[in-house]
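Examining the three-dimensional arrangement
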Amino acid sequence: MPERTVEVRRVDFNNPRDIADYLDLLDAYARDPMGAGRPLSASVRDRLPGDLAGHPGARCLLARHGTTTVGVATCFLGYSTFRAMPLLNIHDIAVLPHWRGRAVARQLLSTIDGIARNEGCCAVTLEVRADNTRARAVYARAGFAPAPCGLFLEKSV
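Summarised in this report is the structure supplied together with it. (Residues numbered from 1 in each chain as written. Predicted model: local features only at pLDDT ≥ 70, side-chain atom pairs only at ≥ 80, totals over all residues. Heavy atoms only, no water.)

Focus on the packing of aromatic side chains
Which entries qualify depends on this criterion: Classification of ring pairs uses Phe, Tyr and Trp, with its six-membered ring standing for Trp, and accepts pairs whose centres are within 6.5 Å; under 30 degrees between planes counts as stacked, over 60 as edge-to-face, and the remaining range as tilted. For every residue, the accessible area obtained with a 1.4 Å probe (protein chains only) is divided by the maximum for its type, and the residue is called buried under 20%, exposed over 50%, and partly exposed between those limits. The criterion for a charge sitting over a ring is simple: Lys NZ or Arg CZ within 6 Å of the ring centre, and within 35 degrees of the ring normal.
Overall, the coordinates contain two aromatic pairs when judged by the stated rule. Summarising the aromatic geometry, the rings of F13 and Y22 are spaced 5.7 Å apart at their centres and angled 80° between planes, so their arrangement reads as edge-to-face. Residue classification places Y22 among the buried residues on the basis of a relative accessible area of 1%. Between the aromatic rings of Y139 and F144, the centroid separation amounts to 5.9 Å while the plane-to-plane angle is 65°, which identifies the pairing as edge-to-face. Residue classification places Y139 among the buried residues on the basis of a relative accessible area of 10%. It is R102 that lies over the ring of W99; its NZ or CZ is 4.5 Å from the centre.

Below is the structure:
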């Protein structure tokens, strides 16, 4: 299918449509086997917009084709102690299944790169499942490579 023009911009958490679109796309990603494999809970949907709007390091994006939202990204500013500079971590990035392969992720990643440059970041980081070969290929084409630490661990608290 031919590439389509997509507009990528920051989520306005004062705009009800942006909030609904952001939550719907994030929920679609959460339901996907490459996400959590289950929907966002009602309490998360209720809290998330206010929490992100009030989080000084949150950088949230929507990708739209016309009036249809087709992609989403959630990033957070962090800090590299080894470089003494900020960095930008991509926490979530997702494209609706029927829009994959149409350069939406590439446009989201390009916008994220611009944010990182404007924020004076030394790097953009992300985590990706080992079995998500499609996403890994997209990230490799965008210039991502394995980090020297090579391992991410998680512990519930």
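Quick word on the environment of L87
Formally: Elements are defined by DSSP. Helices are runs of H or I of four residues or more, strands are runs of E of two residues or more, and each kind is numbered from the N terminus. Contacts are assigned to residue pairs with any non-hydrogen atoms lying within 4.5 Å of each other.
Structurally, L87 is set in strand β4 (residues 85-95). Between the alpha carbons of L87 and A123 there is a distance of 5.1 Å; along the sequence they are 36 residues apart. Leaving out residues up to four positions away in the same chain, L87 has contacts with F76, L77, G78, Y79, S80, C121, C122, A123 and T125.

Points about unusual backbone geometry
Of note in this structure, A84 is not a glycine but carries a positive phi near 55°. Mapped onto the elements of the fold, A84 is located in the loop between β3 (68-80) and β4. For A103, which is not glycine, the phi torsion reads 75° and is therefore positive. Mapping A103 onto the fold places it in the loop between β4 and α3 (104-118).

With respect to the sheet that holds strand β5 (residues 124-126)
Worth spelling out the cut-off: When DSSP finds two or more bridges between two strands, those strands count as paired. Lines are fitted to the C-alpha atoms to define the axes, a helix being fitted only along its stretch in contact, and any angle between axes, read from their N-to-C directions, falls within 0 to 180 degrees.
Taken in spatial order, the five strands line up as β1-β2-β3-β4-β5 in an open sheet, and their pairing is mixed. Either end of the sheet is taken by a strand with one partner, and the two such strands are β1 (7-10) and β5. Adjacent strand axes in the sheet meet at a mean angle of 30°, parallel and antiparallel pairs treated alike.

Let's talk about the nonpolar core
Our working rule: Residues enter a nonpolar core if they are buried and are Ala, Val, Leu, Ile, Met, Phe, Trp, Tyr or Cys, with the set joined through side-chain atoms within 4.5 Å.
Y22, I93, V104, L108 and I112 are the most contacted members of the largest nonpolar core, which has 40 residues in total. Mapped onto this core, the elements with two or more residues apiece are α1 (16-31), α2 (42-54), β2 (58-65), β3, β4, α3 and α4 (133-141). Here the element with the most residues in this core is α3; it accounts for seven residues. If we ignore the near neighbours within four places in the chain, the residues touching Y22 are V11, F13, L48, L52, C60, L62, V72, A73 and T74.

Digging into the pattern of salt bridges
Inclusion rule: The salt bridge criterion pairs a side-chain nitrogen of Lys or Arg with a carboxyl oxygen of Asp or Glu, the two atoms within 4 Å.
Applying the stated criterion across every chain yields a total of ten salt bridges. A salt bridge links R9 to D18; the nearest nitrogen and oxygen atoms lie 2.7 Å apart. Judged by relative accessible area, R9 falls into the partly exposed class, the value being 27%. In this structure, a network of salt bridges that share partners links the residues R9, R17, D18, D21 and R64.

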